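Okay, here's what each chain looks like letter by letter:
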Amino acid sequence: MKSLTLDRASFWYAATQSPALRAVSLDVAQGEVVALVGALGAGASTLLLVAADLAPRVIGGRLEGSMTRRDRSGIVLPTPWTQISGMAFTVWDEVAFGPANLGWPTHEIARQVNRALERLELLPLASRDPATLSGGELQRVIIAAILAMDPGLVLFDEPAAELDAAGAAMLWQLIRVLAREGKAVLLATSAVDALPDVADRVVWLEDGAVRAVGTPDLLADGAACDAGLGTSIATVWRAGGLPAPYPLTVAHAVRGRP
Amino acid sequence: MTGVRLHPFTLLTIAAVLPALAWILPAPDGAAATLVVALVLTLTPGAKLTPGASPGNASLWSFPGWRPGLVRLRTAVVTAAPFWLFLLLLHDVPTTIAIGLRVTTMVATFVWLVAALDPARLVEAMVAAGWSASVAYLLAATFSAVPVLKARAQRIVEAQRCRGLSPRGGIPARLRALRALALPLVLSALHEVDERALALETRGLVPGIRRTPLAPPPDPAAERAARWALLLVCLVALVRRFIVQPFS
C-alpha cells in the first residue's frame, strides 16, 4: 500500500524563478526504503520537505502537481541542535515533547518514549540535559524523538551526518527494522556505501528532476560513478581502469561478481 | 527562597508586581525598597550553601553556590548602568534617582526571572491551566532565548578571538569586535528560527493542539493565595497613589 505519492510535483521556493523540484513522480510503499541521491542542490532536501507537508505549507513557495500521504510523517533534519525543543531539561522529556503534543495519554507516551530510547541505545542518557550531549548523541535523540511519535512515513535528511561509524551502522539497521514493521522510509543521504544494504530503491535526482530510478545496483553504474554517486568500491574499480560492470559492494568484489 | 521551587505563575506574578510597585510607589523610598527586593532576588536562584558552610566563616566567593547569584547581580547592575548615565544627561539628580531606581528594578527583576523560570515548567503549568501549547511555547521561548543567545554570542566571540580579533582595548577596537559579533549572531539566529520552526511543526507543535501535560508543577493553595495577595497589594498601592492620596 502506498504511503506517499508524488505526481509530477514541481516546487518553487518563494521569490525564485526556477523550480527546486521539476515534475517529480514518486511512490513510497509501506515497508519500503527509498533513498534519494544526488549532488548538492539536486532537490533531495526539498523533496523531503514537500513529502513532510512542510513545503509550501510552512516555508512558503509554490507547489504544482500533487502530493498525497496516507500516513502521518516525521522528518529528521540534518542539524540536530536546531531541532531540540529547548523546553526539555532531560533527554527523556525531549523525546516525550512530540508525543505529548499529540495529546496521547501519559502511559502511551511513556511506552513510546522508552521504546524509542531503547532502539537508539539512549536509555543510559535518559536523564542527561540535551544541551550537554555531543552532536552524534543529539542526533540519536532527535531520531528517537521522531520515532516516539510513531509516524507511518519516516523522512530522513542526511541522518548519519553527525554519527560516528558505529552510530551510523546502528541507524542503517534500525531503518531496515522500521521497514519490516511496515513503515515507509524516504531517505536523502550522501552515504551511498550504506545503501545496498538499506535501500530497496534508489532515486537519482539531478537539478530537481528524477534522472534515474532503480535498485541500489544503480550506484555501480558508470554514469553514477562519473557523477560522484557511485559506491566507493565501484568508483575505485572504475578509476583503476577495470572493466564494467563494476561491483556494488566490497563483498561483491571479493566474490568476483558485479 | 533557597531550595524552594515556586510555581511558574508565582514567579511571573512577582516579576510583574515588583516593577509595577516600583513605578506606583513614591520615589525614592518606594522605588529603593523594590530595588532592594529585586537585587536580593537576583542572588537567590541556585544560591545554595554547601552543607555545614556559611558566609560568616569564609569568603563569599568560596561558595560555588553563590557565584551564579553574584554574576546575576553584576549583570543587573551593569545592564542598568547606561540608563543611569542617560538619565543624568537628561534630568536633574532627584529625577535621575527616581527613574533610575525604577528602571534598575525592572532590569534586576527580569534578570532574576530569566534565571529562576524554567521554560519547560512554564509550558507544563500553562498547558495544565488550559492555555494553548503553542502560546505557552511562544512565551517560554522568549525566556529561554536569552541564555541561548548569550551562549552563542560567547562561542562567536571565542571564534573571533581565534581569528585574531580582540574584544578588548579602546572604543574603536571594541566597536569592531561588536560588529564582528552582531552580524553572525543575528544571521545565525534568523537561520535557526527557520529550521526550528520546521522541527517544531513536525514534532506536533501546531496551533489548536491539546498537549498532554507530562509533569505539571504543583500549585499549592498557599501560592495561589500569595499571587492574589500580591496583585491586591499592587491594586491597593495604585488606588492609594492616584485616587486616595495622590503624591506629587
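The numbering scheme is per chain: residues are counted from 1 as the chain's sequence reads. Going through the entries in the order they are written, you letter the chains from A and number the ligands from 1. Totals for whole chains, interfaces and linings use every residue, but because this is a predicted model, local features are given only for residues with pLDDT of at least 70 and side-chain atom pairs only at 80 or more, for both listing and counting.

## Overview of the interface of chain A and chain B
- Between chain A and chain B, the contact holds 28 residues from the first and 26 residues from the second.
- To qualify as a helix, a DSSP run of H or I must reach at least 4 residues; to qualify as a strand, a run of E must reach at least 2; elements of each kind are numbered from the N terminus. Secondary-structure elements contributing two or more residues to the side of chain A that touches chain B are β5 (73–76), α2 (91–101) and α3 (106–119) of chain A.
- Element by element, the count of residues in the side of chain A that touches chain B is highest for α2 of chain A, at six residues.
- Each residue belonging to the side of chain A that touches chain B can be placed in one class, and the counts come to 17 nonpolar, ten polar and one charged. In this description, any two residues whose backbone-derived C-beta atoms lie within 7 Å of each other are considered to be in contact. When residues are sorted by character, Ala, Val, Leu, Ile, Met, Phe, Trp, Tyr, Cys and Pro go into the nonpolar class, Asp, Glu, Lys and Arg into the charged class, and all the rest, Gly among them, into the polar class.

## A closer look at the domain arrangement of chain B
All names here are of chain B.
- Domain boundaries in chain B define domain 1 (1–128 + 218–248) and domain 2 (133–208).
- Listed by partner, the interface residues are seven residues for domain 1 and nine residues for domain 2.
- The greatest single-element share of the side of domain 1 that touches domain 2, amounting to five residues, is contributed by helix α5 (residues 119–128). Bear in mind that the domain bounds are from an automatic or database domain assignment.

## Observations concerning helix α6 (residues 133–162) of chain B
- Here α6 of chain B is 30 residues long and its end C-alpha atoms lie 42 Å apart, about the 44 Å a rise of 1.5 Å per residue gives.
- A bend of about 35 degrees at Ser 144 of chain B is the largest found in α6 of chain B, and the proline Pro 147 of chain B appears one to four places after it.
- Once C-beta atoms are placed from the backbone, each residue is buried if 20 or more other C-beta atoms lie within 10 Å of its own, exposed if 12 or fewer, and partly exposed for counts between those two. All of the buried residues in α6 of chain B are Ala 133, Ala 136, Tyr 137, Ala 140, Phe 143 and Ser 144 of chain B.
- Tucked inside the fold, the buried residues of α6 of chain B contact α2 of chain A together with α4 (93–116) and α5 of chain B.
- In the stretch just after α6 of chain B, Gly 164 of chain B is the one whose phi turns positive, near 95 degrees. To estimate how far a helix should reach, multiply one less than its number of residues by 1.5 Å. The angle separating two fitted axes, one through the seven residues that finish at a residue and one through the seven that start at it, defines the bend at that residue.

## A word on the nonpolar core
- Note on terminology: a nonpolar core is a set of buried residues of type Ala, Val, Leu, Ile, Met, Phe, Trp, Tyr or Cys, with members joined through C-beta atoms within 7 Å. In this structure, Val 95, Ala 144, Leu 186 and Leu 187 of chain A are the most contacted members of the largest nonpolar core, which totals 137 residues.
- Per element, the largest residue contribution to this core is twelve residues, and it comes from α4 of chain B.
- Ignoring any residue separated from it by four or fewer positions in sequence, one finds Leu 187 of chain A in contact with Val 33, Val 34, Ala 35, Leu 36, Phe 156, Ile 175 and Ala 199 of chain A.

## A word on the packing of α5 of chain B against α6 of chain B
Residues and elements named next belong to chain B.
- Orientation is described by lines fitted to C-alpha atoms, with helices fitted over the stretch in contact, and by angles between N-to-C directions that extend from 0 to 180 degrees. In contact at an axis separation of 9 Å, α5 and α6 are set at 155 degrees when each is read in the N-to-C sense. Our classification of the angle between α5 and α6 gives roughly antiparallel. Considering how the two elements wind past one another, α5 and α6 form a crossing that is right-handed. For the pair α5 and α6, the contacting residues are Pro 119, Leu 122, Val 123, Met 126 and Val 127 in the first and Ala 133, Ala 136, Tyr 137, Leu 139, Ala 140, Ala 141, Phe 143 and Ser 144 in the second.
- Of the residues in the contact of α5 with α6, the class split is twelve nonpolar, one polar and no charged. Should an angle fall under 35 degrees it is called roughly parallel, over 145 degrees roughly antiparallel, and 65 to 115 degrees roughly perpendicular, with every other angle called oblique. If you view the pair so one helix is near and one far, a crossing is left-handed when the near helix is turned anticlockwise from the far one by less than a right angle, and right-handed when it is turned clockwise.

## Remarks on the sheet that holds strand β6 (residues 153–157) of chain A
All names here are of chain A.
- At least two bridges found by DSSP between two strands is the condition for calling them paired. One open sheet accounts for six strands, arranged β5-β6-β7-β3-β8-β9; its pairing is mixed. Looking along the sheet, the strands with just one partner apiece sit at the ends: β5 and β9 (209–214). Strand-to-strand twist of the sheet, defined as the mean angle between neighbouring strand axes without regard to direction, takes the value 20 degrees.
- Pairing between strand β3 (residues 33–37) and strand β8 (residues 201–206): four bridges, direction parallel. Directly across from Val 37, in β8, lies its bridge partner Trp 204.

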